[in-house]
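Residue-level listing of the chains:
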Amino acid sequence: MFSVKPLKPTFKCYLPPVQTDVKKTIEPPIKKLEPKLLPGEIVVNEVNFVRKCISAESSQDDLWGKLICTNFKVSFIPQEAPTKQKPQLYHLLLGEHDIPLTCLEQVVTVNDTRGKKKVLGSNQKLKFNPTELILYCKDLRIIRFCFEEAGPESAKKVCLAIAHYSHPADLHLLFGFEYQGRRYHESKAERVNGSTPRGGLQTPIFDRSSDWDREIKRTGASEWRVCSINEFYAISSSLPEHIVVPVSLADQDLKQYSIFFTSNRIPLWCWNHPNGSALVRMASINDPLQQRKIDQRVFTAIMKSHPQRNEVFRSDLDKCLPNIQDIQSSFVKIRQICVIDPFEESEERWLSSIENSRWLEYVRAFLRHSAEMVYHLDGKNSSVILQEEEDRDLNCVVSSLVQLMLDPHYRSLVGFQSLVQKEWVMAGHRFLDRCNHLKKNDKEESPLFMLFLDCVWQMMNQYPAAFEFTEAYLTVLSDSMWIPLFSTFLFSSPKQRAQHLMDFARNKAIPQGEDQAVYFPPVWDWSQQFSVKDQTLFNNPMYVGKGAACVQNGEVKTFRRTKKYTSSLRGGMATLRNGLKGGEDTLPRRGSLLSELKPDFSPVKDVVESPSERFFRDWFSRPADQRGLLIPLLTPSHMALWKLFFLRWVPEACIPQGGPITTYHKLSQLVDEIEILQSQLRRYKGPSPGSTPLPSPSGLPSEQRRMYFKACSPVDPPTPPDFLTSSFPFTPMGNLCRRSIHGTPISKFLNGARIWLSTETLDNDSL
């Protein structure tokens, strides 16, 4: 047979073959990462291919992007937008991954391969190429960046830039001076078209005599007057230009006495009780030979201002309260426990460690002493003088707490801001030194304002319906100390503030005579930081009303306790602690200041009560009027850790759909629904002649509704939203996680129980 050879193909194709099974790959364009800069903000240094660490155990959730240092902040721009829920509180001036330079506590560089670590300061050299950068922040965040894919020289330069610009050599180098100058000129046209006094600010600044006059009338202090002997700071650089003094003291006498007080700080009026007693603060007298004479003249003048001429009680705070160094040391310890130490090393003794830090002990001490001053003012009808060596630290805390307990006006939002402005800013608290904005003297640093906010939170925790604002507001206020764009927390005295702002206005060509609150505003203008919607997170849905003293038809309406009690809010709300309901018998009597004053107190007839014990026993025996006098419960069991502040950045402590925010969510929806129904009822009653147009059938417009969480419809799910956590409105995502959630105290206990049960089962099976 013949073999047949296969025929060769004779057709030749000149077209390229069609590739049907090869997928065409198109590389996406590289995303250009650009920072969002404020007016006057410039990029100092940057580095690409940086990894921001989210977890300490796994890099699966870590973010890649660009790290930038500007003259205002450290900014990280992720290459890809995170898929997880963003924080609900959106800051208009700072991004989710931004840190103001003034917020940095320590800048630490690490080289893993060489086992080296260095804390960087200003104008320091770095002899190794960093593989990691760890930023410890004053708001308790810990942020970690890795440079394994970044250029070593670029990484070194950005680390040195962050360290240098976080240590400004002078106050005027803070970014706020550049930003506010640009902002003033850019918004000049808007102010001309629709200008309002002081930029529409409702909070009094107390830099004018009219602000003090209104406060005198509001409190009915008819025997006190506004004095301007310190105009242009002629007497004391740390006092405001306008102060309130007794009517019986002449200006010439005050000038003569001023030289004997520390820093020439003559006595400063704070507040007047409706019964006529006054709260006064003053510095120590330097000359022992003149002390008795000056004391007698000052005491006599204050006694004359009282309608009954009652004696004056003086309290020396330097002798009965911790000093600023003790407070700083305590805060460092509690920050170490809550934020830095891993839970697996300290969880068995965590509460004991918190107690040993003495932070809650100091909070208790200030609240207790303030309550004792309340007894003298309200119970004994005596004027009180708070004395401190310089009258600029401890006096600020105690005088503010006393007024907060006595006057419901200061428990409103605007009232509380005016209290801080009056007793801290204008009274000369050293914010520049105590916050250590320039990082020049660590010995002067002390978190006194933070201690005050914690004391306020303790009272809010016990009397939640008495305050118009929320703990989210207090936390945001504490964070604002580290944003150098506002005048409130930048200076150490009114004179320093005035001088720097005058130089600032001259350098930025701002017209002479322009209001300082307009061209360098205080922090109280929250619209610069948050939207109208986000500001509703400051509103407490349980607030029962101001009830403040006011002037009507020339008559001062007082805020004394009334005999009618329409609700038992004090008993009902105080029994809920951390989700656990206490006994039903807590309303008539509970642990009180009485147990602090006399631990072995018992209602036995043969035991003689002191007047102060009787005063507190009588007060705690009745339901508290949340529109009147409030005295905090001061037994150790009533002092709680402010979790939203201390634990908000700790991922292990974050409880999904848990914490106080779940209650706030439901209450806000309920209040919003009630306000909608009230609006609809007004609409159905019909408009009166000349009234405004009727609201829509759905109720109030969205921008006029006070609550952040709006009323839900019947079809909405009853469970809280997924984005609600115990850290809301903040999020620990992006903060360094020290370990996975497994091994926290409760999970460790459950794991131990599971192992025990399994071994028991095996033993039973073997039998």
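Scroll up to find the structure this text is about.
In this report, we go over the structure that sits alongside the text. (Residues numbered from 1 in each chain as written. Predicted model: local features only at pLDDT ≥ 70, side-chain atom pairs only at ≥ 80, totals over all residues. Heavy atoms only, no water.)

Of note, the bond from Phe728 into Pro729 is cis; its omega dihedral lies within 30 degrees of zero at 10°. Looking at the element boundaries, Pro729 is found in the loop between helix H24 (660–684) and helix H25 (745–766). The residue Asn381 is not glycine, and still its phi comes out positive at about 60°. For Asn381, the position within the fold is in the loop between helix H11 (359–379) and strand S14 (383–388). Positive phi, normally seen in glycine, also occurs at Asn436, with a value near 55°. Within the fold, Asn436 resides in the loop between helix H14 (431–434) and helix H15 (448–462). (Helix = DSSP H or I, 4+ residues; strand = E, 2+ residues; numbered from the N terminus.)

Taking 1.5 Å as the rise per residue, helix H12 (residues 394–406) with 13 residues should run 18 Å; its terminal C-alpha atoms sit 19 Å apart, in good agreement. Summarising burial for H12: 13 of the 13 residues are buried, a large majority. (Expected span 1.5 Å × (residues − 1). Buried < 20%, exposed > 50% of the residue type's maximum accessible area, 1.4 Å probe, protein only.)

Looking now at helix H22 (residues 611–620). Within H22 the residues assigned to the buried category are Ser612, Glu613, Phe615, Phe616, Trp619 and Phe620. Buried residues of H22 fall within an arc of 160° about the axis and therefore sit on the same side. (Arc of directions from axis to C-beta.)

Oppositely charged side chains can pair when the atoms bearing their charge come close. Evaluation of the coordinates by the stated rule reveals 33 salt bridges. Taking the shortest distance from any N to any O, the salt bridge between Arg144 and Glu132 comes out at 3.0 Å. With a gap of 12 residues between them, Arg144 in strand S8 (residues 142–146) and Glu132 in strand S7 (residues 132–137) connect regions that are remote in the sequence. Classification of Glu132 as buried rests on a relative accessible area of 10%. A salt bridge links Arg214 to Asp211; its shortest N-O distance comes to 2.5 Å. With Arg214 and Asp211 both in helix H4 (residues 209–219) and three residues apart, this pair spans about one turn of that helix. Given the relative accessible area of 51%, Arg214 is considered exposed. Judged by relative accessible area, which is 6%, Asp211 ranks as buried. Each of the salt bridges in this network shares a partner with another, and the network as a whole consists of Arg265, Arg281, Asp391, Lys422 and Glu423. (Salt bridge = Lys/Arg side-chain N within 4 Å of Asp/Glu carboxyl O.)

Let us look at the packing of aromatic side chains. Applying the stated criterion to the full structure yields 43 aromatic pairs. With a centroid separation of 5.5 Å and an interplanar angle of 70°, the aromatic rings of Trp526 and Phe538 are classed as edge-to-face. Residue Trp526 is located in the loop between helix H18 (516–519) and helix H19 (532–535), and its partner Phe538 is located in the loop between H19 and strand S15 (550–552); the two are separated by 12 residues in the primary sequence. Classification of Trp526 by relative accessible area gives buried; the value is 4%. The buried category is assigned to Phe538, whose relative accessible area is 3%. Here the aromatic rings of Trp619 and Phe620 are separated by 5.0 Å at their centres, their planes lie at 85°, and the arrangement is edge-to-face. Both residues of the pair, Trp619 and Phe620, count as buried. Linked through ring pairs, Phe416, Trp424, Phe431, Phe449, Phe452, Phe467, Phe469, Tyr473, Phe489, Trp526, Phe530 and Phe538 together constitute an aromatic cluster. Taking NZ or CZ as reference, Arg141 lies 5.4 Å from the ring centre of Trp649, over its face. Above the face of the Tyr708 ring, Lys533 is positioned so that its terminal group lies 3.6 Å from the ring centre. (Phe/Tyr/Trp six-rings, centres within 6.5 Å; stacked < 30°, edge-to-face > 60°. Lys NZ or Arg CZ within 6 Å of the ring centre and 35° of its normal.)

A few words on the packing of helix H13 (residues 413–425) against helix H16 (residues 471–480). Each pair of packed helices can be described by the angle between their axes along with the distance between the axes. The geometry of H13 relative to H16 is characterised by a closest axis approach of 13 Å and an angle of 30° between their N-to-C directions. Between H13 and H16, the interaxial angle falls into the category roughly parallel. Of the two possible hands of crossing, H13 and H16 adopt the one that is right-handed. Taken together, the residues of H16 that come into contact with H13 (itself represented by Leu413, Phe416 and Gln417) are Tyr473, Leu474 and Leu477. For the contact of H13 with H16, the residue count by class is five nonpolar, one polar and no charged. (Axes fitted to C-alpha atoms, helices over the stretch in contact; angles between N-to-C directions. Parallel < 35°, antiparallel > 145°, perpendicular 65-115°, else oblique. Left-handed = near helix turned anticlockwise from the far one by under 90°. Contact = heavy atoms within 4.5 Å. Nonpolar A, V, L, I, M, F, W, Y, C, P; charged D, E, K, R; others polar.)

Empty space among the atoms can be located by rolling a probe the size of a water molecule over them. Scanning the entire structure with this criterion turns up five cavities of 30 Å³ or more. Reported here for the largest cavity is a volume of approximately 220 Å³. Considering the residues around the largest cavity, the lining is formed by 20 residues, among which Phe331, Glu445, Pro447, Met481 and Trp482 are closest to the centre. Of all elements in the fold, only helix H8 (324–340), H15 and H16 reach the threshold of two or more residues within the lining of the largest cavity. Class assignment for the residues of the lining of the largest cavity results in nine nonpolar, four polar and seven charged. Contributing to the lining of the second largest cavity are Trp224, Val244, Val245, Pro246, Leu249, Leu254, Pro267, Leu268, Trp269, Val280, Val298 and Ile302. If one sorts the elements of the lining of the second largest cavity by residue count, strand S10 (residues 243–246) sits on top with three residues. Within the lining of the second largest cavity, the residues separate by chemical class into 12 nonpolar, no polar and no charged. (1 Å grid on protein atoms, 1.4 Å probe; cavity = no way out; pocket = protein on both sides within 12 Å on 5 of 7 lines; lining within 4 Å. Points joined across faces, edges and corners; volume = space filled by probe spheres on them.)

Fair warning: the whole summary comes from geometry, so function is off the table for now.
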